[in-house]
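Here's the letter readout for the chains.
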Number of protein chains: 2
Amino acid sequence: MTGPVERDVGAQRRVVAAIKREIAGGVHAPGSRLPSTRAFAAEWGLSRTTVTAAFEQLAAEGYLETRPGARARVAAGLAQPEPRSGGLTTARPTELSAYGRRLASASPIPWTPQPFVLDFRYGELAGGDFPTLAWRRALANAAMRRPARLRYGDPRGLPELRAALQGYLWRSRGLHCEADDIVVVNGSQQGLDLCARLLIDPGDRVVIEDPAYHLARQAFLAAGAELAPQLVDRGGMQTGGLPPARLAFVTPSHQMPLGSILSASRRQELLAWAARNGASIIEDDYDAEYRHDAGPVPPLRALDRAGSVIYLGTVSKTLSPTLRLGYLVLPPGLREVFARAKRVTDRHAPELEQAALTELIANGAYERHVRRVRRRNGERRAALLKALRERLGNRVSIAGTDAGLHILAWINGLPQSREAELTGRAAAASLGLYGVSGLYDRPDDPNRRAGLVIGYSALDEAQIATGIARLDTLLRQLGA
Amino acid sequence: MTGPVERDVGAQRRVVAAIKREIAGGVHAPGSRLPSTRAFAAEWGLSRTTVTAAFEQLAAEGYLETRPGARARVAAGLAQPEPRSGGLTTARPTELSAYGRRLASASPIPWTPQPFVLDFRYGELAGGDFPTLAWRRALANAAMRRPARLRYGDPRGLPELRAALQGYLWRSRGLHCEADDIVVVNGSQQGLDLCARLLIDPGDRVVIEDPAYHLARQAFLAAGAELAPQLVDRGGMQTGGLPPARLAFVTPSHQMPLGSILSASRRQELLAWAARNGASIIEDDYDAEYRHDAGPVPPLRALDRAGSVIYLGTVSKTLSPTLRLGYLVLPPGLREVFARAKRVTDRHAPELEQAALTELIANGAYERHVRRVRRRNGERRAALLKALRERLGNRVSIAGTDAGLHILAWINGLPQSREAELTGRAAAASLGLYGVSGLYDRPDDPNRRAGLVIGYSALDEAQIATGIARLDTLLRQLGA
């Protein structure tokens, strides 16, 4: 609103179009309030200036009613979606279920990433790291082994893949399980969603890290959970005085987003809490393959004697997020109902890609690939840490470097209230930077510094150095 | 129990093992009642003799308590699942959500098909019909076009696939929509599940065909729906006097399982009912590509002026059920919330297979393939009708032959109460036959004949002829 940032006209246009689409689509009812410009700015990674300008344009066009100091309202006269070419003339607003209404009223997160020239977005990988030839060969082999009869498969996934994963988890994580404890899912998001559906009723409490992975939070909120956020520090999530709850969500091997590793004593404390409360723990081990300086830490699941832990793994960080392959390792009491839920939800994961992954694990190519990308990402991490040290010195405090594919950079000279200004300026310069504050339960703590979640696995060393040099310039412009 | 059928020892062993697993997995609580032997027999496609023998064995081993005339109970002392090798010693029964409890108490349907020598199971395709080379080439091309950056995609699916599907639906079904009306899903089951989640709250009424596709029924029941089953006749689902409801589920182009085509007047009546009640209609067009004698019937969605219809399509019947690719065509008011739900549910469908399907549609190979398999399945259908006519004559009444990949054979001399005896005897002879009665809301109507849902798309002509000859023998043994 008052920041010195120039408007990003392209981003403003995108925001205007997105909100019009949402109004036309019935997401925002006439007369209802939109999320604040601050919330929009944090979630879209844009400056508030840009978002405020977009809101003003929408008000001028009659879509919104704005008033200083209040959240914008959708204009009351906008009941009907526009008529469209499909021949629909009187589309009525469809009533949604409680689940649908919770989803519709959540604040929007754009799913089409902006095409930044340099992008530190977390969770993305370099295309060149993908083992294209090995994957093509494995897919082709799987296609050639096509059976005489094409039929729906086991909802838990191919038995041979579950057997291969059982061995992989033992070798790589010291995790002992049976193949029948495993359910193959469409990426870890489906694992989270199945847990939310099967274990949470509206109003149930869920312990969650603060800050937390935003799509985990969304899955629990959509299920109607009441979140009990627990602050994260260098030892991971704080586990003293946890309230009773149905479920806890943790990322023990590399906290998303702060990067801490959950300490041994907190692991014991969390397991004891779960056993005492009859709660389940989701252990999202998404970054397990990437340990750099840290020694191996056994997963919670390997310490679990009470059958509390649901282990969640994925190949999104080792092969590609576009494959949509992950797996749950379930306690015995939950195997049958998760299999039933997977079947009613979408029958089973696609079989060709399951067969290709089986082949790569079985012939050792997957573990060779993991070692290769671990080394490669270690190089990227070293380049990032070097650039940060040389360019920014003690203007930033770095955390979460022991493991994973992202680090956290706290900006020492910049209060959290100016984080969106930083990321908005970066976006205007086609540099993708992502603030941490939107991942906190309360994104407006005045005592917190601005922080950036810096993902490096999709960039090469030169891009990393250039990106950090640009960050340096931006910070100087902001006086930090 | 009293039938003249010999016991199928292998099937009995499988039932015993499955029920033990379910008890150990906490699906059936100690003291709770199991479904009836009749329900088990119908759903597993086994004889009641076999199921009753399995229950008696479980009672002898102390798992069940049986009493003549009452449903079996799980023995009261069986609280704890067995300890297992994973190191879990005291797995406690996890509390499930209401959704989870509904799923856990549903009667089991085996998902591992039995390896019958001849199998008329519906919904399966011949491996030889799959365009292996074209699919491999398209997958390889997609893998080679891999982008510089691997990132999560649009939850609605690849824009180029949605554009290709838009054109395909217009050419093949006269259905006009926008690419942004389309959400790519993991097979039609996920489409059904998303509709159930977003539109149904527990206690909401859902109009459904009677008999109906069992996994549609399960998806709605798991969401807590109260079903309002409507009998199906030669004109499809009866639409006179439909009660108010939130949702209707129909298969207008080829009713599953009876095979009728929904008449034009009923289409209008159903659409008017939906507009009047603010209800949505799921049009599951799963068999749309297979018209034999019938002229083209436009989909409900093409007649919809009120934005009531959610159109559901799939490639499970044209390419393979193992690919898990389907698509929803949504009314404008539902586009945004379905996209959000897809994202929170599992981010998006796998992109490599989406890209391969895009290429096949865009270069015309998909439609050539559809013409080829339509012709091929027309040949199989002709062989089936010929065998039925020559072998069984008017001992059976055939329905639903105009379209699709299955027909319905009513056995004129056999009451519905003996249907499980027929399918059980067939299973003992390694012939897969599937009764229709389990798909009815009330599987025990004394006035109904036994009926078989005969799928033919995975068999060749010789197998079809042999299978019907065996059916002839079985019917003679049963005196029908």
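A brief look at the structure comes next. (Residues numbered from 1 in each chain as written. Chains lettered and ligands numbered in written order. Predicted model: local features only at pLDDT ≥ 70, side-chain atom pairs only at ≥ 80, totals over all residues. Heavy atoms only, no water.)

Some details on the relation of the copies chain B and chain A
Think of it as a corkscrew move, a rotation about one axis and a shift along it, taking one chain copy to the other. The cut-off we apply is this: The copies were overlaid by least squares, fitting only the C-alpha atoms of residues that reach a pLDDT of 70 or more in each copy. By definition in these notes, contact holds between two residues if any of their heavy atoms fall within 4.5 Å.
In screw terms, the move from chain B to chain A is a rotation of 180° and a rise of 0.0 Å along the axis, fitting with an RMSD of 0.1 Å. Seen this way, the second copy is the image of the first under a two-fold rotation axis. Comparing contact sets, 100% of the residues at the interface of chain B also lie at the interface in chain A, consistent with an isologous, same-surface contact.

A short note on the pattern of salt bridges
All names here are of chain A. Put simply, the rule is: Salt bridges are identified by distance alone: a Lys or Arg side-chain nitrogen within 4 Å of an Asp or Glu carboxyl oxygen. Each helix is a run of H or I in the DSSP string that is no shorter than four residues. Each strand is a run of E no shorter than two, and both are numbered from the N terminus. Per-residue accessibility, obtained with a 1.4 Å probe over protein chains only, is compared with the maximum for each type, and a residue is labelled buried under 20%, exposed over 50%, and partly exposed between these values.
What the rule picks out here adds up to 60 salt bridges over all chains. Notably, a salt bridge pairs arginine 246 with aspartate 204, separated by 3.8 Å at the nearest N-O pair. Residue arginine 246 is located in the loop between strand E9 (236–237) and strand E10 (247–250), and its partner aspartate 204 is located in the loop between helix H7 (187–199) and strand E7 (205–210); the two are separated by 42 residues in the primary sequence. Of the two residues, arginine 246 and aspartate 204, both sit in the buried class. With a shortest N-O distance of 3.8 Å, aspartate 472 and arginine 391 are connected by a salt bridge. Of this pair, aspartate 472 sits in helix H15 (residues 461–477) while arginine 391 is found in helix H13 (residues 365–392), placing the two residues 81 residues apart along the sequence.

Let's talk about the pairing of E10(A)
This is how it is decided: A crossover gets the label right-handed when its path from the first strand over the helix to the second runs clockwise, viewed with the strands pointing away from the viewer.
Residues Leu247(A) and Phe249(A) line one face of E10(A) and the alternating positions Ala248(A) and Val250(A) line the opposite face, and both faces are buried. Read from E10(A) through helix H9 (residues 264–277) of chain A to strand E11 (residues 280–284) of chain A, the crossover connection turns out right-handed.

Quick word on the side chain of Asp304(B)
Residues and elements named next belong to chain B. Using the following cut-off: Just so you know, the count uses Lys and Arg for positive and Asp and Glu for negative, and it drops His and the chain ends. Counting of polar contacts relies on pairs of N or O atoms within 3.5 Å, with two restrictions inside protein: one atom must be capable of donating a hydrogen and the other of accepting it, and residues adjacent in sequence are counted only when both atoms are side-chain atoms.
Among the structural elements, aspartate 304 can be located in the loop between helix H10 (300–303) and strand E12 (309–314). With no salt bridge to any partner, buried aspartate 304 finds its closest opposite charge in arginine 301, at an N-O distance of 5.6 Å. In this structure the side chain of aspartate 304 is engaged in a polar contact, spanning 2.8 Å, whose partner is the backbone nitrogen of serine 308.

A word on the sheet that holds strand E17 (residues 449–455) of chain B
Two strands in a sheet stick together by hydrogen bonds in their backbones, pointing the same way (parallel) or opposite ways (antiparallel). All names here are of chain B. As a reminder of what qualifies: DSSP calls a pair of strands paired once it identifies at least 2 bridges connecting them. To obtain an axis, a line is fitted to C-alpha atoms, over the contacting stretch when the element is a helix, and the angle between two such axes runs from 0 to 180 degrees between their N-to-C directions.
Pairing in this open sheet of three strands is antiparallel, and the strands run E14-E15-E17 from one edge to the other. At either end of the open sheet lies a strand with only one pairing partner, and these are strand E14 (396–399) and E17. The average undirected angle you get between the axes of adjacent strands in this sheet is 25°. Pairing of E14 with strand E15 (residues 406–415) involves four bridges; the strand directions are antiparallel. Bridge pairing links serine 397 to tryptophan 410 in E15. Relative to E14, helix H13 (residues 365–392) is tilted by about 160°, and along the sheet it contacts E14, E15 and E17.

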